[in-house]
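What follows is each chain in one-letter form.
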Amino acid sequence: MGLLIISLVFGGLTGCLIWLAFGSQLPLKQPEKWSVIKNIASYALLSGVLIYATIFSVV
């Protein structure tokens, strides 16, 4: 349970950092972009899944 919470927290933080670095880029190759909240949530979800998978592949 603790690893899940850690991956969610770090996923949220890295999602915000990715958004600060790249901005609202999603969806790719579309003229109309999603709102800021959708972009941050999608970045956080993707990075959270990657962090979660990394934790369980290493441990």
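Rules and cut-offs
- Residues numbered from 1 in each chain as written.
- Predicted model: local features only at pLDDT ≥ 70, side-chain atom pairs only at ≥ 80, totals over all residues.
- Heavy atoms only, no water.
- Helix = DSSP H or I, 4+ residues; strand = E, 2+ residues; numbered from the N terminus.
- Buried < 20%, exposed > 50% of the residue type's maximum accessible area, 1.4 Å probe, protein only.
- Contact = heavy atoms within 4.5 Å.
- Expected span 1.5 Å × (residues − 1).
- Polar contact = N/O pair within 3.5 Å; in protein donor to acceptor, adjacent residues only side chain to side chain.

**Some words on the overall build of the protein**
For the protein, the helix and strand inventory stands at two helices and zero strands. Dimensions of the protein along its principal axes, counting C-alpha atoms only, are 40 × 15 × 15 Å. A buried classification covers 22% of the 59 residues belonging to the protein. Residue pairs in contact within the protein that sit at least 24 positions apart in sequence constitute 52% of those at least 6 positions apart.

**Describing helix 2 (residues 36-58)**
With 23 residues, helix 2 extends 33 Å from end C-alpha to end C-alpha; this agrees with the ideal 33 Å at 1.5 Å per step. Looking at helix 2, one finds that the buried residues are Asn 39, Ser 42, Tyr 43, Ala 44, Ser 47, Gly 48 and Ile 55. The inward-facing, buried residues of helix 2 abut helix 1 (2-22).

**Observations concerning unusual backbone geometry**
Cis geometry is found at the peptide bond from Leu 26 to Pro 27, where omega equals -10°. As for its placement among the helices and strands, Pro 27 is situated in the loop between helix 1 and helix 2. A positive phi angle, near 60°, is found at Lys 29, a position not held by glycine. With respect to the helices, strands and loops of the structure, Lys 29 is situated in the loop between helix 1 and helix 2.

**Quick look at the side chain of Ser 7**
Inspection of the secondary structure puts Ser 7 in helix 1. Among the polar contacts made by the side chain of Ser 7, one reaches the main-chain carbonyl oxygen of Leu 4 at a distance of 2.8 Å.

The analysis is restricted to geometry; functional conclusions fall outside its scope.
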